[in-house]
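Coordinates in review
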Amino acid sequence: MPNDPTAPGRSVAPTPLFVPVRYRSQSLSLRLFATRMGGRTAVAFSTRERLLGLLGPGQAWVRLTDAAVRGLTRPIGVTELMVDPVLIAAPPGPGRGKTIAAVAEVCVVPAVPGDAAVVA
């Protein structure tokens, strides 16, 4: 088909994901999470509903491509990105902190050598 965006020789624009963030002073920072093995990972969600369903209705988010998320986390040594993770540890109770302890390794987006992050 002539208008098929997946046809050979045609580029497909990356789909932005929903990425959880925190407000810090007058800036935003990406939320990082712990894996079952204790490593750090970035997470992203394919829909706003999935993000809010796991992290709660008050969770702030931005739309970024996987390449943009990797570009922001790679300099601090975080190379893993999980898309649509599920909770495997209960949220902390009162007085036990405010972060979710772990996410399951459901779908890890492979890094593309030389991918560039462009955040507009």
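Let us look at the structure shown here. (Residues numbered from 1 in each chain as written. Predicted model: local features only at pLDDT ≥ 70, side-chain atom pairs only at ≥ 80, totals over all residues. Heavy atoms only, no water.)

Another aspect to go through is the overall build of the protein. If you tally the helices and strands in the protein, you get 2 helices and 6 strands. Overall, the protein shows an N-to-C arrangement of helices and strands of β-β-β-β-α-β-α-β. Residues counted as buried form 32% of the 120 residues belonging to the protein. Long-range contacts, defined as pairs at least 24 residues apart, comprise 68% of the intrachain contacts of the protein with a sequence gap of at least 6. (Helix = DSSP H or I, 4+ residues; strand = E, 2+ residues; numbered from the N terminus. Buried < 20%, exposed > 50% of the residue type's maximum accessible area, 1.4 Å probe, protein only. Contact = heavy atoms within 4.5 Å.)

As enumerated under the stated definition, the model contains 1 aromatic pair in all. Between phenylalanine 18 and tryptophan 61, the aromatic rings sit 5.0 Å apart at their centres with planes inclined by 65°, giving edge-to-face as the arrangement. Residue phenylalanine 18 is located in strand E1 (residues 17-24), and its partner tryptophan 61 is located in strand E5 (residues 60-64); the two are separated by 43 residues in the primary sequence. The class for phenylalanine 18 is buried, based on a relative accessible area of 10%. (Phe/Tyr/Trp six-rings, centres within 6.5 Å; stacked < 30°, edge-to-face > 60°.)

Along the chain, leucine 32 falls in strand E3 (residues 32-34). Between the C-alpha atoms of leucine 32 and valine 78, which are 46 residues apart in sequence, the distance is 8.7 Å.

Overall, mixed pairing links the 3 strands, which are arranged E3-E4-E6 in an open sheet. At either end of the open sheet lies a strand with only one pairing partner, and these are E3 and strand E6 (81-83). Each neighbouring strand pair of the sheet contributes to a mean axis angle of 45°, computed without reference to strand direction. In this structure, E3 lies alongside strand E4 (residues 40-44), joined through 3 bridges in antiparallel fashion. When the bridges of E4 are listed, phenylalanine 33 appears paired with threonine 41. (Pairing = 2+ DSSP bridges. Axes fitted to C-alpha atoms, helices over the stretch in contact; angles between N-to-C directions.)

If you walk through the whole model with that rule in mind, you get 1 salt bridge. A salt bridge links aspartate 84 to arginine 50; the shortest N-O distance between them is 2.8 Å. Of the two residues, aspartate 84 is situated in the segment after E6 and arginine 50 in helix H1 (residues 48-55); the sequence distance between them amounts to 34 residues. Taking relative accessible area as the criterion, aspartate 84 reaches 15% and is therefore assigned buried. A relative accessible area of 48% means that arginine 50 is categorised as partly exposed. (Salt bridge = Lys/Arg side-chain N within 4 Å of Asp/Glu carboxyl O.)

Before going further, it helps to spend a moment on H1. Along H1, the residues classified as buried are Leu51, Leu52 and Leu55. Take H1 and look down its axis: the buried residues cluster within an arc of 90°, on one side only. Opposite the buried face of H1, by more than 90 degrees, sit the exposed residues Glu49 and Gly53. Where H1 is buried, its residues contact E1, E3 and E5. Following H1 by one or two positions, glycine 56 adopts a phi angle in the positive range, close to 100°. (Arc of directions from axis to C-beta.)

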